[in-house]
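Chains, contacts and geometry: an overview
Spelled out from the first residue to the last, the chains are:
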Amino acid sequence: MKKICVVGLGYIGLPTAAIFARSGYEVVGVDVNEKVVSSLNSGEILIEEVGLPELVKEVVSNGNLKASLAPEEADVYIIAVPTPIHDDHSANVDYVVEASKNIAPLLKKGNVVIVESTIPPRTIDDIVAPILKEKGWNLEDDVFLAHCPERVLPGRILIELIENTRIVGGVTPLASKKAGDVYRAVVEGQVIETEAITAEMSKLMENTFRDVNIALANELVKISRRIGVNAHHVIELANMHPRVNIHQPGPGVGGHCLAVDPYFIIEKAVEESPLIQQSRKINNSMPDFVVNEIKHLVSELNKPKVAILGLTYKGNIDDVRESPAMEILQELLKKDELNIAVHDPFVQQEKLKVTNYSLDDALTDADLAVVLTDHNQFKNMDENKIVTLMKHPVIFDTKNCIGIKDDGPINVYKIGNLSGINPIS
Ligand code: SAJ
């Protein structure tokens, strides 16, 4: 049985550690956060992910998974620490560097080191490999280094960790093979071997593809407003073509992946990436677009009440990182003429500076309700209740997700169909 040391017990490291532990490996999970370590050792976790609490309880109680503040000697090391961005949008790989330095003294001949964190192209070859070489390790024959990017969707992590295809890019073909074999023991999807830089770039291009595609949809929203066509119908019809797949427009692109990863490519090839840069700008402009639309809609009302429905970066999760909804909220709160009431069924009150009202309280006497996240609760709202509670029953749906039709007593404005809309009076 092999021993695996997973460095970083976040959204990726923890489920990864748990899955290897479930398969019978001896796993030690490492984190700098004492609370994460102590709670894990008592079988508790601090993040939300479907099925994870039960799995962690099981593998901690059967002794296969334990947590520690420092890495331990193992056969395989998996680094899954965050790679945030600096204010200038360049990648901050400090945690990857620190993790590599911490494990370097523990290495033994035959060990496999895998970086799962999302990293700019050439990070494995130019930054991680030299750290291990500095300790005297020969990366041809003795220690096997590879990048294997995580590709899972929050909410489906335990399923996708097993089912998705994994790309394993080693610094040598043997490293790809050795790292690939680590995943082959637990992954049911394909495990494909390539070079480190190809693995780094393919991961970044997956998220960049979505970001650019969403930018196209968001640009269509603005064009549609100008020329008077319903962007949602346009996308629906265009997507009936077997080779067209335009993504959905919205209030912006959030999360720690799509809104971040394209910058990792841009920083390495500024002149060659105008399309990727422009797409980031378009998506970053959407919160302002939504704020302006809200201002327009309530411009004829005195101290209007605006109900903000949804704050997370996407539906049915509790994550507000890089959330365009949070940006929109911050902007609206600056406007004294507005009375803002927020409701998000997933976000805990302690994470917010404003009150998280119940849906009913947020809607009571509101002049406008703005849906910023496609939580299931908003898709199935009760029409009669809205009419009873709101002063003006008007909904601005920026996610094109609510079930309420525009032919009843409620005015529903969709983000892709805003041409010629008059302020509420
Ligand atoms: N969004 C749109 N329109 C769309 C789809 C998404 O505006 O048509 C917005 C969402 O509302 C959200 C943002 O984009 O604000 C990102 O959401 P997402 O569901 O596309 O992705 P993430 O960031 O939760 O996860 C992505 C996934 N990548 C791909 O699907 C290619 C996931 O598989 C990756 O593991 C993850 O990034 C990551 O960690 O890189």
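Anything mentioned here points back to the structure above.
The sections below set out a description of the structure shown in this document. (Residues numbered from 1 in each chain as written. Predicted model: local features only at pLDDT ≥ 70, side-chain atom pairs only at ≥ 80, totals over all residues. Heavy atoms only, no water.)

Comments concerning a negative patch on the surface
Note the threshold: Patch construction takes residues with relative accessible area above 30% that form no salt bridge. Like charges are linked within 9 Å, and nonpolar side chains (Val, Leu, Ile, Met, Phe, Trp, Tyr) are linked within 5 Å. Note that accessible areas follow from Shrake-Rupley with a 1.4 Å probe, and for residues the cover is restricted to the protein chains shown. We define a salt bridge as a contact between a side-chain nitrogen of Lys or Arg and a carboxyl oxygen of Asp or Glu at a distance within 4 Å. Positive charges come from Lys and Arg, negative ones from Asp and Glu, while His and the chain ends are left out of the count. All charge positions are set by atom: Lys at NZ, Arg at CZ, Asp at CG, Glu at CD. Numbering of helices and strands runs from the N terminus, with a helix taken as a DSSP run of H or I at least four residues long and a strand as a DSSP run of E at least two residues long.
A cluster of acidic side chains, namely Asp382, Glu383, Asp406 and Asp407, defines a negative patch on the protein surface. If you trace the backbone, aspartate 407 turns up in the loop between strand 12 (394-397) and strand 13 (411-414).

Here we look at the sheet that holds strand 9 (residues 305-309)
The following threshold applies: At least two DSSP bridges between two strands are needed for those strands to be called paired. Lines fitted to C-alpha atoms define the axes, with helix axes restricted to the stretch in contact, and inter-axis angles between N-to-C directions lie between 0 and 180 degrees. Here, two residues are considered to be in contact whenever any of their heavy atoms come within 4.5 Å of each other.
With respect to topology, five strands assemble into an open sheet ordered 10-9-11-12-13, the strand pairing being parallel. The open sheet has two edge strands with one neighbour each: strand 10 (339-343) and strand 13. Taking each pair of neighbouring strands and ignoring which way they run, the sheet shows an average axis angle of 20°. Summarising the sheet, strand 12 and strand 13 pair through four bridges and their orientation is parallel. Across the sheet, the residue bridging to aspartate 397 is lysine 414, located in strand 13. Sheet strands touched by helix 11 (residues 274-297): strand 9, strand 11 (368-371), strand 12 and strand 13. Its angle to strand 12, the strand with the most contacts, is close to 165°.

Quick word on the pattern of salt bridges
So the rule is basically this: Burial here depends on accessible area, computed with a 1.4 Å probe over protein chains only, as a share of the maximum for the residue type. Under 20% is buried, over 50% is exposed, and the range in between is partly exposed.
Counted under the stated rule, the structure contains 19 salt bridges. In this structure, aspartate 142 engages lysine 109 in a salt bridge whose closest nitrogen and oxygen atoms are separated by 2.7 Å. Residue aspartate 142 is found in the loop between helix 5 (123-134) and strand 6 (144-147), and its partner lysine 109 is found in the loop between helix 4 (94-103) and strand 5 (112-115); the two are separated by 33 residues along the sequence. Relative accessible area serves as the criterion here: at 17%, aspartate 142 is assigned to the buried category. Lysine 177 is the partner of aspartate 181 in a salt bridge, and the nearest nitrogen-oxygen pair spans 2.6 Å. Of this pair, aspartate 181 and lysine 177 both sit in helix 7 (residues 173-184), four residues apart, roughly one helical turn.

Focus: the packing of helix 4 against helix 5
Heads up, the condition is: Each angle gets one of four labels, with under 35 degrees taken as roughly parallel, over 145 as roughly antiparallel, 65 to 115 as roughly perpendicular, and the rest as oblique. In this scheme the crossing of two helices becomes right-handed for a clockwise turn of the near helix relative to the far one and left-handed for an anticlockwise turn of less than a right angle. Asp, Glu, Lys and Arg are counted as charged, while Ala, Val, Leu, Ile, Met, Phe, Trp, Tyr, Cys and Pro are counted as nonpolar; the rest, among them Gly, fall into the polar class.
Contact geometry for helix 4 and helix 5: axes closest at 9 Å, N-to-C directions at 20°. Between helix 4 and helix 5, the crossing angle belongs to the class labelled roughly parallel. For the crossing formed where helix 4 meets helix 5, the hand is right-handed. For the pair helix 4 and helix 5, contact is made by Val96, Val97, Ser100 and Lys101 and by Ile127, Val128, Ile131 and Leu132, respectively. Classifying every residue of the contact of helix 4 with helix 5 gives six nonpolar, one polar and one charged.

A look at the environment of serine 117
Topologically, serine 117 is positioned in the loop between strand 5 and helix 5. Its relative accessible area of 4% is what places serine 117 among the buried residues. Along the backbone, serine 117 and histidine 147 are 30 residues apart, and their C-alpha atoms lie at a distance of 8.3 Å. Each residue touching serine 117, except ones within four places of it in the same chain, is listed here: Ile79, Ala80, Val81, Thr83, Val96 and His147.

Here's the deal with the site of the ligand
What counts is decided by this rule: Near residues are defined by distance, with any heavy atom within 4 Å of the molecule or strand qualifying the residue. Definition of a polar contact: a pair of N or O atoms within 3.5 Å, with one able to donate and the other able to accept a hydrogen when the atoms are protein atoms, and with sequence-neighbouring residues admitted only if both atoms are side-chain atoms.
Close contacts around the ligand come from 20 residues, with Glu150, Val152, Lys203, Asn207 and Tyr313 the closest. Between the ligand and the protein, one listed contact pairs an oxygen atom with a side-chain N or O atom of arginine 210 at 2.7 Å. Lysine 399 has a polar side-chain atom sitting 3.0 Å from an oxygen atom of the ligand. Contact with the protein chains hides 88% of the accessible area of the ligand, taken as 770 Å² for the molecule alone. It is helix 8 (residues 196-227) that provides the largest number of residues to the shell around the ligand, a total of five residues.

Some words on the environment of proline 53
Here proline 53 lies in helix 3 (residues 52-61). A sequence separation of 35 residues divides proline 53 from alanine 18, and the C-alpha atoms of the two residues are 10.0 Å apart.

Some words on the sheet that holds strand 8 (residues 191-195)
Strand order across the open sheet formed by eight strands is 3-2-1-4-5-6-7-8, with mixed pairing between neighbours. Lying at the two open borders of the sheet, with one neighbouring strand each, are strand 3 (65-68) and strand 8. On average, adjacent strands in this sheet sit at an angle of 25° to one another, irrespective of strand direction. In this structure, strand 7 (residues 166-170) lies alongside strand 8, joined through five bridges in parallel fashion. Each residue of the ladder has a partner; that of arginine 166, found in strand 8, is valine 191.

Focus on the nonpolar core
Put simply, the rule reads: Within this scheme, the nonpolar core is defined by two criteria: the residues are buried Ala, Val, Leu, Ile, Met, Phe, Trp, Tyr or Cys, and they are joined through side-chain atoms within 4.5 Å.
In this structure, Phe20, Val27, Leu40, Ile114 and Tyr183 are the most contacted members of the largest nonpolar core, which totals 45 residues. With six residues, helix 1 (residues 13-22) is the single largest residue contributor to this core. When residues no more than four places from it in sequence are discounted, the contact partners of leucine 40 are Leu9, Leu14, Ile45, Val56, Val60, Leu65 and Ala67. Leu220, Leu301, Met326 and Leu368 belong to the second-largest nonpolar core, a separate cluster that totals 37 residues.

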